[in-house]
Amino acid sequence: MFGLQASGAAASWMVGRMGTDAHLYDDPEDAALPALLDSRFDGDKVDALKRLLALIAQGVDVAHLFPQVVKNVAAQSLEVKKLVYLYLLHYAEKRQNEALLSINIFQKDLSDINPLVRAWALRTMAGIRLHVVAPLVLVAVKKCARDPSPYVRKCAAYALCKLYDLLPEENTTLEEVVDVLLGDSSSGVVGAAAVAFNSVCPNGLALIAKHFRKLCETLPDIEEWYQITLIEILLRYVIARHGLVKESAIFASNLSLEIQGGKDSVPVDNMSCTQAETIVNGACGTLSSMTLLRHYIDEYSACSDGEGDKIRSPSVTNSTNDDVTILLKCTSPLLWSQNSGVILAAASVHWIMAPVQEVKIIVGPILFTLRSSPDATYVMLGNILVFAKTAPLLFAPYYEDFFICSSDPYQTRALKLEIITTIATESSIPAILEEFQDYIKDPNRRFVADTVAAIALCAEKLPSVTSTCLEGLLALVFYESSIANSVHLDGEDVVLVQAILSIKAIVKIDAACHEKVIIRLVRTLDVIKEPAARSLIIWIFGEYSSTGNLIPRIAPAVLKYLAWSFAAEVIETKLQILNTCAKVIIHAAEEHLQEFKRIVAYVIQLAACDLNYDVRDRARFLSGLLPCCANENDSSCRSQNADVCKELADHIFDGKIPSASNSDSNYRIYLPGSLSQVVLHAAPGYAPLPKPQSMVLIHKTMEPTRGVANSSDSNNSDAESGSSANESGSLYDSESEGGGLSDRDGTGSKQYSNDDGHNLHRQEGNQEAPLVNMYDGSVGQGHAGQDDENLASLISTDLTELMSKSALESWLDEAPTTPLVQNSIQASCARVSFTTRSFERKPKLHVLLDPSDSNGLSVLYAFSSEVSPNSRLLVCIDLFVENVTPDQLADITIKSEEASTSEHGMETSEESASIPTLVPMEEIQSLAPQQTAKRVLQVHFHHHLLPMKLSVFCNGKRHPAKLHPDIAYFVRPLPMDLNAFLCKENQLRGMFEYARRCTFKDHLQNPEHTEESADNTDKNLLVAQSLASKLLSNANVQLVSMDMPVTFSIDDTSGLCWRFSSEILSTSNPCLITVVAEGHASGPLDLTVKVNCEDTVFGLNLLNRVVAIIE
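Cut-offs used in this document
- Residues numbered from 1 in each chain as written.
- Predicted model: local features only at pLDDT ≥ 70, side-chain atom pairs only at ≥ 80, totals over all residues.
- Heavy atoms only, no water.
- Helix = DSSP H or I, 4+ residues; strand = E, 2+ residues; numbered from the N terminus.
- Buried < 20%, exposed > 50% of the residue type's maximum accessible area, 1.4 Å probe, protein only.
- Contact = heavy atoms within 4.5 Å.
- Areas by Shrake-Rupley, 256 points an atom, 1.4 Å probe, with all protein chains shown as cover.
- Pairing = 2+ DSSP bridges.
- 1 Å grid on protein atoms, 1.4 Å probe; cavity = no way out; pocket = protein on both sides within 12 Å on 5 of 7 lines; lining within 4 Å.
- Points joined across faces, edges and corners; volume = space filled by probe spheres on them.
- Nonpolar A, V, L, I, M, F, W, Y, C, P; charged D, E, K, R; others polar.
- Salt bridge = Lys/Arg side-chain N within 4 Å of Asp/Glu carboxyl O.
- Axes fitted to C-alpha atoms, helices over the stretch in contact; angles between N-to-C directions.
- Parallel < 35°, antiparallel > 145°, perpendicular 65-115°, else oblique.
- Left-handed = near helix turned anticlockwise from the far one by under 90°.
- Expected span 1.5 Å × (residues − 1).
- Arc of directions from axis to C-beta.
- Polar contact = N/O pair within 3.5 Å; in protein donor to acceptor, adjacent residues only side chain to side chain.
- Lys, Arg positive; Asp, Glu negative; His and termini not counted.
- Phe/Tyr/Trp six-rings, centres within 6.5 Å; stacked < 30°, edge-to-face > 60°.
- Lys NZ or Arg CZ within 6 Å of the ring centre and 35° of its normal.

A few words on the overall build of the protein. Along its length, the protein carries 49 helices and 21 strands. The buried share among the 1111 residues of the protein stands at 50%. Pairs at least 24 residues apart make up 69% of the contacts formed inside the protein by residues separated by at least 6 positions. Total accessible area on the protein stands at roughly 52000 Å², and carbon and sulfur atoms take up 53% of it.

Read from one edge to the other, the open sheet built from 5 strands follows the order β7-β8-β9-β13-β11, with strand pairing classed as antiparallel. The sheet is open, and its two borders are formed by β7 (846–849) and β11 (917–918), each paired with just one other strand. Alignment of strand β8 (residues 857–867) against strand β9 (residues 875–883), held across 8 bridges, turns out to be antiparallel. Paired with Ser-858 across the bridge in β9 is Glu-882.

All right, on to empty space enclosed by the protein then. Under the definition given, this model contains 5 cavities of 30 Å³ or more. Lining the largest cavity are 14 residues, with Glu-866, Val-867, Leu-874, Asn-1036 and Leu-1065 sitting closest to its centre. A breakdown of the residues in the lining of the largest cavity according to their chemical character gives 7 nonpolar, 4 polar and 3 charged. If you add up the space inside the second largest cavity, you get close to 80 Å³. Those elements that provide at least two residues to the lining of the second largest cavity are α6 (96–100), β17 (993–1000) and α49 (1096–1110). When residues of the lining of the second largest cavity are assigned to their parent elements, the largest contribution, 3 residues, is made by α6.

Attention now goes to the environment of Leu-1027. With respect to the helices, strands and loops of the structure, Leu-1027 is situated in helix α48 (residues 1019–1034). For Leu-1027, a relative accessible area of 1% gives the class buried. The spatial distance from the C-alpha of Leu-1027 to the C-alpha of Trp-1058 is 8.7 Å, given a sequence separation of 31 residues. Beyond its immediate stretch of four places on either side in the chain, Leu-1027 contacts Phe-1000, Trp-1058, Val-1075, Leu-1087 and Ile-1110.

On to unusual backbone geometry. Despite not being glycine, Leu-680 has its phi angle at roughly 65°, a positive value. The residue Leu-680 is located in the loop between α36 (675–679) and α37 (708–714) in this model. On the basis of relative accessible area, Leu-680 is assigned to the partly exposed category, the value being 38%. Even without a glycine there, the phi angle at Asn-955 is positive, about 55°. Within the secondary structure, Asn-955 sits in the loop between β14 (948–954) and β15 (957–963).

Side chains carrying opposite charge are able to pair once their charged atoms draw close together. Summed over the entire model, instances satisfying the criterion amount to 26 salt bridges. Note that Lys-81 is salt-bridged to Asp-109, the shortest N-O span being 3.4 Å. A residue pair is termed long-range when its members are at least 10 positions apart, and Lys-81 in helix α5 (residues 78–91) and Asp-109 in helix α7 (residues 103–109) qualify at 28 residues. No difference in accessibility class separates Lys-81 from Asp-109, as the two residues are buried. Of the charged contacts in the structure, one is a salt bridge between Asp-1043 and Arg-1059, with a shortest N-O distance of 2.5 Å. Remark: Arg-1059 occurs in strand β19 (residues 1057–1064) and Asp-1043 occurs in strand β18 (residues 1038–1045); sequence separation between them is 16 residues.

Turning our eyes to something else, we now look at the packing of helix α10 (residues 150–166) against helix α11 (residues 171–182). Packing of α10 against α11 leaves a shortest axis separation of 11 Å and a crossing angle of 155°. Taken together, the axis directions place α10 and α11 in an arrangement best described as roughly antiparallel. The handedness of the crossing between α10 and α11 comes out as left-handed. Contact residues: Arg-153, Ala-156, Ala-157, Leu-160, Leu-163 and Tyr-164 in α10; Asn-171, Leu-174, Val-177, Val-178 and Leu-181 in α11. Considering only residue class, the contact of α10 with α11 consists of 9 nonpolar, 1 polar and 1 charged.

Time to look at the environment of Leu-593. Mapping Leu-593 onto the fold places it in helix α32 (residues 590–608). For Leu-593, a relative accessible area of 18% corresponds to the buried category. It is 9.8 Å that separates the C-alpha atoms of Leu-593 and Pro-556, two residues lying 37 residues apart in sequence. Excluding residues within four positions of it along the chain, Leu-593 makes contact with Ile-585 and Ala-588.

Time to look at helix α33 (residues 613–625). The terminal C-alpha atoms of α33, which comprises 13 residues, lie 18 Å apart, in line with the 18 Å expected from a rise of 1.5 Å per residue. If you check which residues of α33 are buried, you get Val-615, Ala-619, Leu-622 and Leu-625. Buried residues of α33, seen end-on, are gathered within an arc of 135° and therefore sit on one face of the element. Where α33 begins, one side-chain oxygen reaches toward the backbone nitrogen of Asp-614, 2.8 Å away; that side chain belongs to Asn-612.

Pairing is antiparallel in the open sheet, where 4 strands are placed in the order β12-β10-β14-β15. Two strands lie at the open edges of the sheet, namely β12 (924–927) and β15, each paired on one side alone. When the angles between neighbouring strand axes are averaged without regard to direction, this sheet yields 30°. The sheet contact formed by strand β10 (residues 889–896) and β12 spans 3 bridges and is antiparallel. Bridged to Ala-890 within β12 is Ser-926.

With respect to the helices and strands, Asp-323 occurs in helix α18 (residues 322–331). Although Asp-323 is buried, it makes no salt bridge; Arg-213 carries the closest opposite charge, 4.2 Å away. Excluding residues that lie within four positions of it along the chain, Asp-323 makes contacts with Phe-212, Arg-213, Tyr-237, Val-238 and His-242.

Glancing now at the packing of aromatic side chains. What the rule picks out here adds up to 15 aromatic pairs. Note on Tyr-399 and Phe-403: the rings are 5.9 Å apart at their centroids and 65° apart in plane angle, and the pair reads as edge-to-face. The same class applies to Tyr-399 as to Phe-403, namely buried. Where Phe-436 meets Tyr-439, the ring centres are 5.9 Å apart and the plane angle is 45°; that geometry is what we call tilted. You can see Phe-436 and its partner Tyr-439 sitting in helix α24 (residues 429–439), 3 residues apart, about one turn around the helix. Exposure class is identical for Phe-436 and Tyr-439. Each is buried. Put simply, the rings of Phe-66, Tyr-87 and Tyr-91 touch in pairs and so form one group of aromatic residues. Looking at Lys-574, its charged tip hangs above the ring of Phe-566, at a distance of 5.8 Å from the centre. Lying across the ring of Phe-953, Lys-895 places its NZ or CZ 5.7 Å from the centre.

The next thing to look at is the environment of Phe-1060. Within the element layout of this structure, Phe-1060 appears in strand β19. Under the relative-accessibility criterion, Phe-1060 is labelled buried at 0%. It is 10.0 Å that separates the C-alpha atoms of Phe-1060 and Leu-978, two residues lying 82 residues apart in sequence. Ignoring sequence-local partners within four residues, the contact set of Phe-1060 consists of Phe-981, Ala-1028, Leu-1031, Leu-1032, Val-1037, Gln-1038, Leu-1039, Val-1040, Cys-1071, Leu-1072, Ile-1073 and Val-1075.

This paragraph deals with helix α12 (residues 187–200). Taking 1.5 Å of rise per residue, the 14 residues of α12 would be expected to cover 20 Å, and the 20 Å separating its terminal C-alpha atoms lies within 8% of that figure. Counting buried residues in α12 gives 10 out of 14 residues, a clear majority hidden from the surface. All buried positions along α12 are accounted for by Gly-188, Val-189, Val-190, Gly-191, Ala-192, Ala-193, Ala-194, Ala-196, Phe-197 and Val-200.

Turning our attention to the packing of helix α21 (residues 374–390) against helix α23 (residues 410–423). The N-to-C vectors of α21 and α23 enclose an angle of 20°; their axes lie 10 Å apart at closest approach. When the axis of α21 is compared with that of α23, the two are roughly parallel. Between α21 and α23 the crossing geometry is left-handed. Only Gln-411, Thr-412, Leu-415, Lys-416, Glu-418, Ile-419, Thr-422 and Ile-423 of α23 make contact with α21, whose side of the interface consists of Thr-377, Tyr-378, Leu-381, Gly-382, Ile-384, Leu-385, Ala-388 and Lys-389. Of the residues assigned to the contact of α21 with α23, the class counts are 8 nonpolar, 5 polar and 3 charged.

Within the secondary structure, His-514 is located in the loop between α27 (492–507) and α28 (515–523). The exposure class of His-514 is buried, given its relative accessible area of 13%. Ignoring any residue separated from it by four or fewer positions in sequence, one finds His-514 in contact with Thr-466, Leu-470, Ile-506 and Val-507.

Shown next, in the form of structure tokens:
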């Protein structure tokens, strides 16, 4: 019976799983996958590919089956082809050489009759992130952008985003494709084209001009998340084309501010400013809309509060403008979208561009989104806060929508409280205060403290409820002080301190009217024990000790109490008592002056003997500042010095409190709906709105982006310059030459000092490569592949022989007549090449073993440029072992945890390839306290990514550690001259060449750079030495040359070129590195790093490592 039930359950389970692929995850390796991939039947291939994808989903590496999978890319079955494409996308970057073999199949599939196949082929080609494939992908994208199928055209738009990272120099071509896709008839394609527009040409708003009306009509039909992107693009276009709308909320409130500000302000138009003031600023708007305008618009982002208060009339337009009307009309239906992001984007358009009378239509949709998810509610509340601070009356009738719910998180509660205090009015304040009474009972004391602060803000804003708020706050102080003494609860002190702070803020408005409140607060000193609260009450008493008629009467008694309790107070309270004593005696009346002097003298004597030096210093300061108060019989009271001290004391302790200016909450000054508005800082990719009416209508006349000229040079075989024909270098005239090369010394050698203070020597009789080579870069154009004799003829020591006449004249011309003449002269092709072998290497130290984890044994390591005497495959690593304990350490050695496994796996090369080999290290017998020992560790890393697991033994204890490899030391220097470098580089073109762009800033952080530049030292030389020193300190390479072009501009570093040579340890294949700079020495440099290497994977990883070193 039980057997029948078990079999029935298994059968039911099998039936439930029929028709699904869930069984592939049960035992994905239960079949011979290579055999299934080689099967003649498509069903077997599909099953094998599904099992492979199941393994990938579980984190298993199945890259070893790449060849068997790639050959199935030509299968006729759509299911097989789709699965193969998914596999290729996952492993294309890891197996790049094999992925290149399938490019022909992809190109063939681009002409397939099935649109799905064409789209899959394009997606897979764009997903292969190889610079070699990028030109082919560009051709495929241009073809698919005009495909009959909308799905294929949509995939072409997505491919543009990936292609732009690989081909930034093809910006013009990519913009043309974006232009074609923006005019597409399919709404899905238009949405994808908007995403591509933001990636490829976000500032090319002239492309939108001819598509604007069609894009507005298509806006409601495209997908929701694409709508957000397209709304942003359309808004930026309208502002760049027509400017701001002067009847809008922001600009109209600016007009109202001008009218209120002074007589010199003249309104731009005779519009109804009263209505604008009522709707936008309300009775007490706390955030100036001009502040928002300065941060929203790029043109005014650098203006201070006093600048830019008026917008020039050419930067504004009317609300009747056709484009503005169409934009507002097409975004109005989106205010009731199901997507909160779309609602916020549409509301932002109306907030910035809609007339004042129409802004109120955004309130209902925005409040509706508060019923969505907590995350969306928080984002929306952050934007509502900005709207409310600028236009309080806009949300004033809806104050109940911002009442706190019990399920709201703390961040949401804080925003709601701030909004409620901002939009509170005379009619709504009773209900708001009644709501606040419930909030004070909340168990979250941090939220209660925020509520108490909100009560103070309401009292400051609405004077009619000041007395009510003060009575409630005093009652809260009495209650909190009583429960704080009876039972201590977490957060009660915070509430008590915040209540006193709120009373202080309200009393500051009119202290004379609230002296009874101050007296009642002072009487609680006997009950309140919290030091921060006592300090606040003492400060309030001292600040207003001479205010009114009642406070001066109780001043002697309060001062006696403070003197009596002085010794038992904490440091902060003692300091506040001393300050209060000084304030009281400054304002003391004649009848109490002598009594106050005795009390203050007693307090100062107590403070002078206090254990804390801050209290003692304050006492000495007051005794010197107020000698009359400290000593009654001191005759110096009548001296002129006492009068000066009295005046100084009045200035210090009787200074008027500066009026608190209305904070404009500069932490939320970013565009509504942006990520920066949520994270409260400029997030990557954030950009303000463009300058009004700044758009260039003729897009074809725009300047080509940097890099177009370089793209033509990249196909040229000139390997000497490595940069575009327009590159320019620093001014290397006779003065800088004289400063860089010193006179001959007594030994007959030339000496040159670099910026690090190290001398580079060249003997006269030395036959090695010269330190400085001067040659004409134009001579070698197109001849990099010639014989060594032709290349050697480029190098000469006679400047007049190697430079053309025109170039020499332009170089020696120290004072051009006009800038126009200077700009018209072509950049000189003359270059100066420096070679040096004396750069100091400063390897970076890494922590192998932290002393806190190893009982005081510290082990640091640094990769060394030394060559191992045992094998060329071994990498030398310097170990620095230090004893940081007071005891002696013994028997220190390092072993590999996988040593036994490595020895067992030496039989097969495939198994041993992933296990590093460690040469036994000399054991440290003993290590005295604070002593450091150095050892050299020789490691054979079989992979440049896998860390090596080590065991550090000390005093018989084992401590595990990991040694992380550095691919920059998987090479060794390859000595070669410039001619050999250029010839070898010319042989490693095409698919053996990889390049990336990066930014170099180290020359700006070097303090010596600025000092030496001031002494007319060549800035290009300092930059060149800075980068070369950094790269040589972090990579085991050989510096071949540093080239500097000869031009007029001293600050221009464009054309600086570094060449480094090396060879891979495992294969001895050469690996060449070329770095070319663009920019100015006074700012960050844009560098192009190029690696030429036959090993594709190693070359790409080395390129990434070099870029990481530079940045």
